[in-house]
Amino acid sequence: MRFDVLVEVKLRPGIADPQGATVERALPALGFAGIDTVRVGKAIRFAVEAADEEGARTQAVEVTDRLLSNPVIEEAEITVGPAR
Amino acid sequence: MTSRVGVVVFPGTNCEHDVVAALGSLGAAAELVWHGADSLAGLDAVVLPGGFAHGDYLRPGALARFSPVMEAVARFAAEGGPVVGICNGFQVLTEAGLLPGALQKNAGLRFLCTTVTIRVETSRSVLTSGVAPGTELRIPINHFEGNYTCDEDTLARLRDEDRIVFRYVENPNGSVDGIAGVSNEGGNVVGLMPHPERASAAILGSTDGIVLLRALLASAGLRSGSGPAALAG
């Protein structure tokens, strides 16, 4: 079966995010008020062929741990679902 | 015997010729090593130079870490061979787990291309052996992701084990504790963001990098069998 995977990589809590801080500082200039805790991360999508959803998740976790995220500064959230 | 230094070239590396020229001017036989190489046999030291290995895609060093040469670099390092990562090379060494921590985007989000003053903090590394702690050097930096980051336990260990090799006199990029370079436990693997090869001739505006490159060649010389350790052994 084919599954769609979404990996959201974000900086760990406590790690300074200069990109997020810059975006946040720009918002008032554009007239947006009341927005805070802006954090910039990345989203990575791919499709995986596996026997079942559990198998697809196992592969996605391994790819994320070994390549897509750096555990020193980042954490990842993985979403797996049937291919659309 | 002349020391043989391998300078690793990944697709996107762009400081390899500067390093070869600087080491060559000090009498070393420096040669380029393609990232697909699976052996470093015959080399006395290895330098991972600056640039944008594999385009810095995903994260700097994230893809370079899987180049075939990195397994050979890990073996070379485990045997005590001198390994120095400069700028992007430092990022590759952290991604490969040969050095602790990570290099984040600069605080302030500026790409920094300027000459800074760094302080040598220890002579217990292949890049600073024989250099007095406290020595200040003017060396260029050229990076967007040079903001050294690690957790508190790692920082405490780096301090306790005398593995902070360089600090910035004025922190330009937000690095924790002003760290500009660190070493592994053995002191034979060193990573630093500043470029000593760009401070290796008067015409470049500074010759302060020479003392570091000479220290590296001295360590390489011990390995090649031309130095005092080999004679004593």
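Residues numbered from 1 in each chain as written. Chains lettered and ligands numbered in written order. Predicted model: local features only at pLDDT ≥ 70, side-chain atom pairs only at ≥ 80, totals over all residues. Heavy atoms only, no water.

Residue and element names in this part refer to chain B. Applying the stated criterion across every chain yields a total of 1 cavity of 30 Å³ or more. In terms of lining residues, the largest cavity is bounded by Val19, Val47, Val84, Ile86, Leu127, Pro196, Leu213 and Leu216. For the lining of the largest cavity, the secondary-structure elements that each account for two or more residues are strand S4 (83–86) and helix H5 (210–224). Residue classes in the lining of the largest cavity are distributed as 8 nonpolar, no polar and no charged. (1 Å grid on protein atoms, 1.4 Å probe; cavity = no way out; pocket = protein on both sides within 12 Å on 5 of 7 lines; lining within 4 Å. Points joined across faces, edges and corners; volume = space filled by probe spheres on them. Helix = DSSP H or I, 4+ residues; strand = E, 2+ residues; numbered from the N terminus. Nonpolar A, V, L, I, M, F, W, Y, C, P; charged D, E, K, R; others polar.)

Residue and element names in this part refer to chain B. Side chains Ala45 and Val47 project from strand S3 (residues 45–48) onto one buried face, and the interleaved Val46 and Leu48 project onto a second face that is buried too. Alignment of strand S1 (residues 4–9) against S3, held across 3 bridges, turns out to be parallel. Following the sheet pairing, valine 7 is matched in S3 by valine 47. In this sheet, S4 lies alongside S3 in parallel orientation, the contact comprising 3 bridges. Among the inter-strand pairings, leucine 48 is bridged to a residue of S4, identified as glycine 85. Note that the unit made of S3, helix H2 (residues 69–78) and S4 has a crossover that is right-handed. (Buried < 20%, exposed > 50% of the residue type's maximum accessible area, 1.4 Å probe, protein only. Pairing = 2+ DSSP bridges. Right-handed = clockwise from strand over helix to strand, strands pointing away.)

Bringing the state of the cysteines into the picture now. Residue and element names in this part refer to chain B. Applying the stated criterion to the full structure yields 0 disulfides over all chains. The thiol sulfur of cysteine 87 is not disulfide-bonded, and the nearest other cysteine sulfur, from cysteine 15, lies at 6.8 Å. By relative accessible area, which is 5% here, cysteine 87 ends up buried. Cysteine 113 forms no disulfide, and the closest cysteine sulfur to it belongs to cysteine 87, at a distance of 10 Å. Owing to a relative accessible area of 59%, cysteine 113 belongs among the exposed residues under this scheme. (Disulfide = S-S within 2.5 Å.)

Residues and elements named next belong to chain B. As for its position among the elements, valine 116 is in strand S6 (residues 112–120). Along the primary structure valine 116 and proline 172 are separated by 56 residues, whereas in three dimensions their C-alpha atoms are 8.2 Å apart. If we skip the residues at most four places from it in the chain, valine 116 touches Leu137, Arg138, Ile139, Ile141 and Tyr168. (Contact = heavy atoms within 4.5 Å.)

Time to look at the interface of chain B and chain A. Think of interface size as the accessible area that goes away when the parts come together; that is how it is often given. Taken together, the 16 residues of chain B in the interface contact 16 residues of chain A. Here chain B packs against chain A, burying approximately 1300 Å² in sum over the two surfaces, 63% of which is carbon and sulfur. Considering only the surface of chain B that becomes buried against chain A, Leu58, Arg59 and Gln104 of chain B emerge as the three largest contributors, covering 41% of it. For the interface between chain B and chain A, the tally reads 1 salt bridge. The closest approach of N and O atoms between glutamate 74 of chain A and arginine 59 of chain B, which form a salt bridge, is 3.8 Å. Summed over the shared surface of chain B and chain A, the result is 6 residue pairs in polar contact (both at pLDDT 80 or more). Taken together, the residues of the side of chain B that touches chain A break down into 7 nonpolar, 5 polar and 4 charged. (Buried area = accessible area lost by both parts, 1.4 Å probe. Salt bridge = Lys/Arg side-chain N within 4 Å of Asp/Glu carboxyl O. Polar contact = N/O pair within 3.5 Å; in protein donor to acceptor, adjacent residues only side chain to side chain.)

With that out of the way, let us pick up helix H4 (residues 152–160) of chain B. Residues and elements named next belong to chain B. Along H4, the residues classified as buried are Thr154, Leu155 and Leu158. Taken end-on, H4 shows its buried residues confined to a sector of 100 degrees, consistent with a single buried face. Those residues of H4 that are exposed and aimed more than 90 degrees away from the buried face are Glu152, Asp153 and Asp160. Against the buried residues of H4 lie strand S8 (147–149), strand S9 (164–168) and strand S10 (179–183). Sitting at the amino-terminal end of H4 is aspartate 151, which places a side-chain oxygen 3.2 Å from the backbone nitrogen of aspartate 153. Aspartate 162 sits one or two residues past H4 and shows a positive phi near 60 degrees. (Arc of directions from axis to C-beta.)

Oppositely charged side chains may form a pair once their charged atoms are brought near each other. All names here are of chain B. Taken as a whole and assessed by the stated rule, the structure comprises 13 salt bridges over all chains. Residue glutamate 95 pairs with arginine 59 through a salt bridge whose shortest N-O separation is 2.8 Å. Residue glutamate 95 is located in helix H3 (residues 88–95), and its partner arginine 59 is located in the loop between S3 and H2; the two are separated by 36 residues in the primary sequence. Judged by its relative accessible area of 9%, glutamate 95 is buried. Across the pair glutamate 121 and arginine 119 runs a salt bridge whose closest N-O atoms are separated by 2.9 Å. Here arginine 119 falls in the partly exposed class, since its relative accessible area comes to 26%. Taken together, the shared-partner salt bridges in this structure form one network comprising Arg119, Glu121, Arg159, Arg167 and Asp177.

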